[in-house]
Protein chains: 2
Amino acid sequence: MSDNCQDLDCLAGVRVVDFTQFEAGPSCTEALAWLGAEVVKIENPKTGDPARRVLPGKAPDDPWYFHMFNANKKSLAIDLKSPRGVHLVKEMLKKADVTVENMAPGTIERLGLGYDEVKKLNPRIIYCSIQGFGAGSKFEKGLAFDMIAQAAGGMISVTGEPDRPPVKPGPSIGDTGTGMLMAITILGSLIERQRTGQGRRLQVAMQDAMLHYMRTCFAVQARTGKAAARRGGKTVMGANAPSGLYQCTPYGPNDWIYVMTSRANPEHWARLMKLFGREELIDDPRYATGAARIEHEAEVDAIVTEWTRKHTKEEAMTLISGVGVPAGAVFDTMELQNDPSFEKRGIMQVMEHPSGPFKMPAWPVRVDGKPPRVKPSPLLGQHGAEVLNAWLGLGADEVAGLKREGVL
Amino acid sequence: MSDNCQDLDCLAGVRVVDFTQFEAGPSCTEALAWLGAEVVKIENPKTGDPARRVLPGKAPDDPWYFHMFNANKKSLAIDLKSPRGVHLVKEMLKKADVTVENMAPGTIERLGLGYDEVKKLNPRIIYCSIQGFGAGSKFEKGLAFDMIAQAAGGMISVTGEPDRPPVKPGPSIGDTGTGMLMAITILGSLIERQRTGQGRRLQVAMQDAMLHYMRTCFAVQARTGKAAARRGGKTVMGANAPSGLYQCTPYGPNDWIYVMTSRANPEHWARLMKLFGREELIDDPRYATGAARIEHEAEVDAIVTEWTRKHTKEEAMTLISGVGVPAGAVFDTMELQNDPSFEKRGIMQVMEHPSGPFKMPAWPVRVDGKPPRVKPSPLLGQHGAEVLNAWLGLGADEVAGLKREGVL
C-alpha cells in the first residue's frame, strides 16, 4: 500500500444508510466515507445504482463513473418492494446516524421510508433529501440532472463567448457542488446532535445550491444593475488587464494559459513586462495604471500574446508564476492524469478493484500531511451478509434464506 | 425579521480565528458561521480584507462581493506587524478551535503564525491552509485566484465550443468549490477531536480541489482513452439524444432551455413526442432507440428546436418538466434575483447592513425546513472590543490604549 495516503477515522462509528444514486447524493455520502463513516449503499438487487453502467446494455462494463462516487462504501442489495426488505431497512434506520436519498420527488415516501416515517423510528437520525428543485418552488416536482441544475441555477447563462449561445461548464458542479453543501450540513448537524440528542431533517435543491457558487456573478450584478454576462475566457468580475486566456505554442486545443494581474497588486504588470523584456512599457502612459490598461485592453492582450505564443503553456506557467504573477496553464484531463505530482502527493490514487486497478482523484484535503486512502467501490451486494450481521445480528442461515426468497 | 429562515447554532461554542481573504478562505469560514460558529476575521486596520473593495480607489464603495462571503462573521482589526498585535492573536489562538488562512505561500509563517508555532500554543487547534498549488507540486509557490485554479485544474479545458478556444466557467468554483472541501474536513476533524482531544493540520490546494469537481470528465477519459473534450452545450458524458441546449422565443442571449432524455428511462423520448404532438416519431426506426437517436442527433435536435422556438423558456420548462422529462431554462442572475420563490423559501435573503439592505443567496440547505439566517457582514474592526473582552478579558481601557497605539 502506498504511503501517500492514510486510513482516516474522523467519523468512526458514524453509520449512514445511503439510498443515493448517480452523483449528487453519492458524492455527499462518499465524502463521509472518506472521513471514516460506515456508508452502506442500499441497492436494487437486479441492477443496483444505475450509475454502475453509464452506457447500459453495452459490454464490457464501464465502472469508472461509479468508482468515482462510491469509493470506500459498502453495498447491501435489498428489494425495497418486498415488505421484508423494507422491514430490514427500517431496522437499520433505527441504528443509523444519517440517511441520505436523492430519488425522484415522492419516491422515497411511496417506499414507506419518508421523513415522517423514519423520524418515528429514530428521532436522532439526520434525514437528508437532495432534489432538483426546492419544496415550494413551482418546479418542485421537476426531475433534474447536473445540466438541468446548471441551467436553472444560472451557471450556463454566464458561461460562453459574448454574442454566442451559452455553453455548459464541463465539470459536474450541479451534482458534486450540491453534494458538498449537504455534507457540510450533515456534519454540522452531527456536532449539534451531540449536544441536543435530536436529529434533523435536511433538504437541498440542486437549483438552489447553484446560487451558492454564483455569488461573484450576483455581486457583479449588484454593481452594474444588469444580469452578469458571458465573457468567454475573461472573468465575470471584469476590469483587470491583462487578465484572460492567452495562446501558447504549439497552438493545440488546450495550448492556452490563464494570466491574471491584480489591481490589488500593481507590481504584477511590472513583473510581467520585465519577464517579457519590455521594461519600456511599465511606465508607458498607455499601460502604467490599471485603468489605462483596461482602456487599452486589446493592445495589452496583444503584448501578452506575442510572448506566450513563443512558449509552451508549461514553460509560460513556470516563467510567469516564477516572477510572482498568477498564471495557470489550461491542463486537460490526460495531462493531469499523467502528471506524477498528483499521485506522489496522494491527490490521485489507484483504487485496487476486482475489475482492475483504477487511478482516480482522491479527497484532495490533506490531514496532517496526507489525504485519506481510496478504497474500492463495492460490488453489488458485496457487504450484505456482513452488514446485516453487524447491524442487526442476522446469522448466515437467515441471510441465505433472504437470498433464496429474493429479498437480497 | 423574516420567518423564512432561522438562527442556527449547530456549531455553538466553536471559535474560529479567520485570517482568510477574497473568497476561497472566506467561503469556508462563512459556512461555519452560518451553522453557528463564532468566526472572527482578523483584518489589517488600514484596509481590511482586500475583498472589501473589488474596485479599489473607486467611490462609492462596492461592498457586495464582501457581503457575499463574510455574512454572520465578526471583525477584529489588528496590526499583525506589531509585536503586541501578534501577541494578542496568539492568545486568541490558544482559545480557538479552528484557524484558517489563505495567504500567499510563506506569508503566515513570516508573521510568526505558521503551523509549527500555533500547534505549540494549542495542540487542540484545527489549523487550515488553503493554497493555490499543493506542497510538493512544482508550482507550490505559485499564486492563484479562481481562474488560475480553473485553468490548472482542468475545468477550462472542458468548457467551450468544439473547435473554438476554451472559455472560463462563469461561477467561482475555483474559490468556493475549494472552500467547501475544506469546510467538510474541518467539521470531520472537529468530530474526531471530541474523541481524541487532538488537533489536525489541514491543507488544500485549489488546483487539487478542482479534480474533485472534474470526476465525470476523468470517467469519460477512462472510457474513451482520450482527454475529455469541449462539447459546447452538450455534456462531456455525451451519448444521449436529445440532450442539450435548445433555443426559445424571443431568442435573446439566454432564451435557451436544457432538455435531457436519459437512456436509463426510455419513456422520456415518448413523453416529449406526445407533448410536441409528434406521436408518429415515437416508434419511428430513426428515433425509436437511444442508439438510433444518437445516430440521428442533428435531426433529433431539429425536432426539439422546432417546438422550443415557439415557446418562451419558462413555458417550455413548465410543459416539458410537467410531463416528466428533465428540463431547465437558462435563467440569468437577474431572473433568479427577481423570482420571488427564492426569497419566500429563504434561499435568497436580505442582509440588513448599515450600508443598505442587500438581497443575496443564503446557505441553501434547509434544516428542519428553513435555511440559516443571513446576518450582516462586519464593518472593519466592528467587534474588536467585544471579542477581546469575551476571549481575553480585556477591559475598555486596555482596548482604548491599543487603539491609541495603533495596534487596533
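Higher on the page you've got the structure.
The model shown is predicted, which means the values in this text are computed figures rather than measured ones.

Trainee: I would appreciate a short explanation of the overall build of chain A in the present structure.
Mentor: Each helix and strand in chain A was counted, giving 17 helices and 12 strands. In terms of overall dimensions, chain A has C-alpha extents of about 85 × 50 × 45 Å along its principal axes. Among the 408 residues that make up chain A, the fraction classed as buried is 58%. The long-range share in chain A, meaning contacts at least 24 apart out of those at least 6 apart in sequence, stands at 67%.

Trainee: In this structure, what is going on with the relation of the copies chain A and chain B? I would like to understand it.
Mentor: The relation between the two copies of this chain is a rotation about an axis and a shift parallel to it. With an RMSD of 0.0 Å, the fit of chain A onto chain B corresponds to turning through 180 degrees and sliding 0.0 Å along the axis. Taken together, the rotation and translation describe the operation of a two-fold axis. A symmetric contact is evident, with 100% of the interface residues of chain A recurring at the interface of chain B.

Trainee: Explain the packing of helix H1 (residues 24-34) of chain B against helix H7 (residues 173-196) of chain B here, please?
Mentor: Pairs of packed helices are described in terms of their axes, by the angle between the two and the distance that separates them. All names here are of chain B. Between H1 and H7, the shortest axis-to-axis distance is 7 Å and the interhelical angle comes to 45 degrees. Taken together, H1 and H7 sit at an angle that is classed as oblique. The two elements H1 and H7 meet at a crossing, and its hand is right-handed. The segment H1 lies against H7, with Ala24, Gly25, Ser27, Cys28, Ala31 and Leu32 engaging Asp175, Thr176, Thr178, Gly179, Met180, Met182, Ala183 and Ile186. Residues of the contact of H1 with H7, tallied by class, amount to 8 nonpolar, 5 polar and 1 charged.

Trainee: Even after reading the chapter, I still don't get unusual backbone geometry, so can you show me in this structure?
Mentor: Negative phi is the rule for most residues except glycine; trans is the rule for most peptide bonds. All names here are of chain B. Along the chain, Ala241 connects to Pro242 via a cis peptide bond; the corresponding omega equals -5 degrees. Looking at the element boundaries, Pro242 is found in the loop between helix H9 (215-224) and strand E7 (243-247). For the bond from Thr249 to Pro250, the omega torsion is 5 degrees, close enough to zero to count as cis. Within the secondary structure layout, Pro250 lies in the loop between E7 and strand E8 (256-260). Of note in this structure, Phe22 is not a glycine but carries a positive phi near 60 degrees. Along the chain, Phe22 falls in the loop between strand E1 (15-18) and H1. Using a count of 21 C-beta atoms within 10 Å as the deciding quantity, one classes Phe22 as buried. One non-glycine residue, Asn72, lies in the positive phi region at around 65 degrees. Residue placement: Asn72 occurs in the loop between helix H2 (64-70) and strand E3 (74-77).

Trainee: Would you mind showing me how to read the sheet that holds strand E2 (residues 38-43) of chain A here?
Mentor: Sheet strands pair by backbone hydrogen bonding; their relative direction is either parallel or antiparallel. Here 7 strands make up an open sheet; going across it, the order is E3(A)-E2(A)-E1(A)-E4(A)-E5(A)-E6(A)-E12(B) and the pairing mixed. At either margin of the open sheet sits one strand with a lone partner, and together these are strand E3 (74-77) of chain A together with strand E12 (366-367) of chain B.

Trainee: Help me understand the nonpolar core, please; the structure alone is not making it clear to me.
Mentor: Generally speaking, a soluble globular protein has its nonpolar side chains buried in company with each other. Formed by 260 residues in total, the largest nonpolar core has its most connected members in Leu32 and Ile257 of chain A together with Leu32 and Ile257 of chain B. Once residues within four sequence positions are removed from consideration, Leu32 of chain A is found in contact with Leu11, Val14, Val16, Ala37, Val39, Ala183 and Ile186 of chain A.

Trainee: So what exactly am I meant to see when it comes to the interface of chain A and chain B here?
Mentor: Size of an interface: often given as the accessible area lost when the parts come together. In this complex, chain A contributes 118 residues to the contact, which on the side of chain B involves 118 residues. The element that contributes the greatest number of residues to the side of chain A that touches chain B is helix H7 (residues 173-196) of chain A, accounting for 16 residues. When the residues that make up the side of chain A that touches chain B are grouped by side-chain class, the tally is 71 nonpolar, 30 polar and 17 charged. In this sheet, strand E6 (residues 200-205) of chain B lies alongside strand E12 (residues 366-367) of chain A in antiparallel orientation, the contact comprising 2 bridges. Looking at the pairing, Val367 of chain A lines up with Leu202 of chain B of E6 of chain B.

Trainee: Is there a simple way to think about helix H3 (residues 83-95) of chain A in this case?
Mentor: Each turn of an α-helix holds 3.6 residues, which means side chains three or four residues apart point in the same direction. All names here are of chain A. Spanning 13 residues, H3 covers 19 Å between terminal C-alpha atoms, matching the ideal 18 Å at 1.5 Å per step. Buried within H3 we find Gly85, Leu88, Val89, Met92 and Leu93. With its buried residues spanning 145 degrees around the axis, H3 presents them on a single face. Exposed side chains of H3 directed beyond 90 degrees from the buried face belong to Pro83 and His87. Close packing links the buried residues of H3 with strand E1 (15-18), E2, strand E4 (98-101), helix H5 (115-121) and helix H16 (384-392).

Cut-offs applied
- Residues numbered from 1 in each chain as written.
- Chains lettered and ligands numbered in written order.
- Predicted model: local features only at pLDDT ≥ 70, side-chain atom pairs only at ≥ 80, totals over all residues.
- Helix = DSSP H or I, 4+ residues; strand = E, 2+ residues; numbered from the N terminus.
- Buried ≥ 20, exposed ≤ 12 C-beta atoms within 10 Å, placed from the backbone.
- Contact = placed C-beta atoms within 7 Å.
- Least-squares fit on C-alpha atoms with pLDDT ≥ 70 in both.
- Axes fitted to C-alpha atoms, helices over the stretch in contact; angles between N-to-C directions.
- Parallel < 35°, antiparallel > 145°, perpendicular 65-115°, else oblique.
- Left-handed = near helix turned anticlockwise from the far one by under 90°.
- Nonpolar A, V, L, I, M, F, W, Y, C, P; charged D, E, K, R; others polar.
- Pairing = 2+ DSSP bridges.
- Core = buried A, V, L, I, M, F, W, Y, C linked by C-beta atoms within 7 Å.
- Expected span 1.5 Å × (residues − 1).
- Arc of directions from axis to C-beta.

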